[in-house]
Amino acid sequence: MANPAHDTEGVARGGGPTGTGQPARPSSFVEQVLAELRKVVQPTRQELITYTIVVLVFVAAVMGYIFGLDQLFRGLMGLVFGS
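Fair warning: this is a prediction, and the values are worked out from it, not measured in the lab.

**Student:** Help me understand the overall build of the protein chain in this model?
**Tutor:** Helix and strand counts for the protein chain stand at two helices and zero strands. Per-residue burial over the protein chain gives 6% buried out of 83 residues. Carbon together with sulfur atoms contributes 68% to the accessible area of the protein chain, which is approximately 7400 Å² in total.

**Student:** Can you walk me through helix H2 (residues 45-81) in this structure?
**Tutor:** Residues spaced three or four apart along an α-helix face the same direction, because each turn holds 3.6 residues. In a regular helix each residue adds 1.5 Å, so 37 residues correspond to 54 Å; H2 covers 53 Å between its end C-alpha atoms and thus fits that length. Downstream of H2 by a residue or two, Gly82 has a phi angle that is positive, lying close to 60 degrees.

**Student:** Hey, could you run me through the pattern of salt bridges in this one?
**Tutor:** If charged atoms from side chains of opposite charge come close, those side chains can pair. The full count for this structure, using the stated rule, is one salt bridge. Across the salt bridge formed by Lys39 and Glu36, the nearest N and O atoms sit 3.0 Å from each other. Residue Lys39 is classed as partly exposed on the basis of its relative accessible area, which comes to 34%.

**Student:** How should helix H1 (residues 26-38) be read in this particular structure?
**Tutor:** Spanning 13 residues, H1 covers 19 Å between terminal C-alpha atoms, matching the ideal 18 Å at 1.5 Å per step. Along H1, the residues classified as buried are Ser28, Gln32 and Ala35. Projected down its long axis, H1 shows its buried positions confined to an angular sector of 60 degrees, all on one face. The exposed residues of H1 that point more than 90 degrees off its buried face are Pro26 and Leu37.

Cut-offs and rules
- Residues numbered from 1 in each chain as written.
- Predicted model: local features only at pLDDT ≥ 70, side-chain atom pairs only at ≥ 80, totals over all residues.
- Heavy atoms only, no water.
- Helix = DSSP H or I, 4+ residues; strand = E, 2+ residues; numbered from the N terminus.
- Buried < 20%, exposed > 50% of the residue type's maximum accessible area, 1.4 Å probe, protein only.
- Areas by Shrake-Rupley, 256 points an atom, 1.4 Å probe, with all protein chains shown as cover.
- Expected span 1.5 Å × (residues − 1).
- Salt bridge = Lys/Arg side-chain N within 4 Å of Asp/Glu carboxyl O.
- Arc of directions from axis to C-beta.

This is the structure:
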């Protein structure tokens, strides 16, 4: 199966210096960028809502975890240094 990340069907690749990985012309680079942008699929409204909720829940979970660690270390420091 072909790697879609390297699929630039219909776009000529530049022949830059060997081993540099650089395109020969800026126009070749722009053509490749536009070819990749044509592959982008916009999420549906439902997907966008779902992804947003997932991110917010994950951020809240990480905040809770860090808050818990902060309280734990605060208590330990109080015991150690007698506050």
